[in-house]
Structure formats: C-alpha cells, structure tokens
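So you can see what is in the structure, the chains are spelled out below.
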Amino acid sequence: MPTYVYACKDCGHAMEVVQSFSDEALTICPECQGALRKKFNSVGVVFKGSGFYRNDSRSTTSSSTPAAASSSKVSAPASTSV
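Residues numbered from 1 in each chain as written. Predicted model: local features only at pLDDT ≥ 70, side-chain atom pairs only at ≥ 80, totals over all residues. Heavy atoms only, no water.

1. Description of the overall build of the protein chain
Which entries qualify depends on this criterion: Strands here mean DSSP runs of E at least two residues long; helices mean DSSP runs of H or I at least four residues long; both are numbered from the N terminus. Exposure is judged per residue with a 1.4 Å probe applied to protein chains only, and the accessible area is read against the type maximum: over 50% gives exposed, under 20% gives buried, and values in between give partly exposed. By the convention used here, residues are in contact when the closest approach between their heavy atoms is within 4.5 Å. Using the Shrake-Rupley algorithm and a 1.4 Å probe, accessible areas are obtained, with residue cover drawn only from the displayed protein chains.
Within the protein chain, the regular secondary structure consists of one helix and three strands. Out of the 82 residues in the protein chain, the part that is buried amounts to 13%. If you take every contact in the protein chain between residues at least 6 apart in sequence, the share linking residues at least 24 apart comes to 29%. For the protein chain, the exposed surface amounts to about 7,300 Å²; the carbon and sulfur share of it is 53%.

2. A short note on the sheet that holds strand β3 (residues 36-39)
Note the cut-off: We treat two strands as partners when DSSP finds at least two bridges between them. Where helices are involved, their axes are fitted lines through C-alpha atoms of the stretch in contact, as for all axes, and angles between N-to-C directions lie from 0 to 180°.
Here three strands make up an open sheet; going across it, the order is β2-β1-β3 and the pairing antiparallel. Across the chains shown, the open sheet's two edge strands, defined by having one partner strand only, are β2 (14-18) and β3. Direction aside, the axes of adjacent strands within the sheet are offset by 35° on average. Taken together, the four bridges between strand β1 (residues 3-8) and β3 define a ladder with antiparallel strand orientation. Along β3, the bridge assignment pairs A7 with R37.

3. Topic: the nonpolar core
Keep this limit in mind: What is meant by a nonpolar core is a set of buried Ala, Val, Leu, Ile, Met, Phe, Trp, Tyr and Cys residues, joined one to another through side-chain atoms within 4.5 Å.
Counting seven residues, the largest nonpolar core consists of Y4, Y6, C8, M15, V17, C29 and L36. Counting residues per element, this core draws most heavily on β1, at three residues. Excluding residues that lie within four positions of it along the chain, C8 makes contacts with H13, C29, C32, G34, A35 and L36.

4. As for a nonpolar patch on the surface
Just so we agree on the cut-off: Residues with no salt bridge and a relative accessible area higher than 30% make up the patches, which join like charges within 9 Å and nonpolar side chains (Val, Leu, Ile, Met, Phe, Trp, Tyr) within 5 Å. In what follows, salt bridge is the name for a side-chain nitrogen of Lys or Arg lying within 4 Å of a carboxyl oxygen of Asp or Glu.
A cluster of nonpolar residues, V43, V45 and F47, forms a patch on the protein surface that exposes about 330 Å² of accessible area. Relative to the elements of secondary structure, F47 occurs in the loop between β3 and α1 (67-71). Judged by relative accessible area, F47 falls into the exposed class, the value being 52%.

5. Re unusual backbone geometry
Positioned with a positive phi, Q33 is a non-glycine residue whose angle comes to about 65°. The topology assignment puts Q33 in the loop between β2 and β3. Since its relative accessible area comes to 57%, Q33 is described here as exposed.

6. What about the confidence of the model for the protein chain?
Rules: Confidence scores here are pLDDT values: one per residue, from the predictor, ranging 0 to 100.
In this model, the protein chain carries a mean pLDDT of 76, and residues with pLDDT of at least 70 account for 60%. Element-level pLDDT for the protein chain is lowest in α1, with a mean of 52, against a maximum mean of 92 in β2.

And the structure:
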C-alpha cells in the first residue's frame, strides 16, 4: 500500500499515512483541526545501471559510417598493360 504525505495548511504539521488506493484522502489535521493538503513527492522508481537507455545496447564502434566509405579501403587489383 502506498504512503502519502499530508501537510496542514494552518499549523504546518506534516505526517505520513499508509492508505489504500480506494481510501478517501484525509482533510482534517489531527493537531489543530485545520485543513490538510496532500503533498506529492518524486517518483519512487529509479532506473540505475546499464540496459535502461537506448544507447546501452549499442556497440562501442560507430555504426553510422556509410557502407561505401568502408568498402573504399579495399584496394583495387593492379591493372596490367599488355
């Protein structure tokens, strides 16, 4: 079940509450009976390591070299004159 963070608009009291997705949001501060608001935090999923990005699966050599440029390295047979 997710943990939600609430903060009171009046007294500034903050609290974390474990609630189900189907539970209603809290609206009353337990400290001063003021209005609560739900605070939104950053996403709890962090992708670390290799394999998560498009360039991780590519080889270290550049494959953007045109095929014609690589075939020009092959030497042509020497022509013999008769």
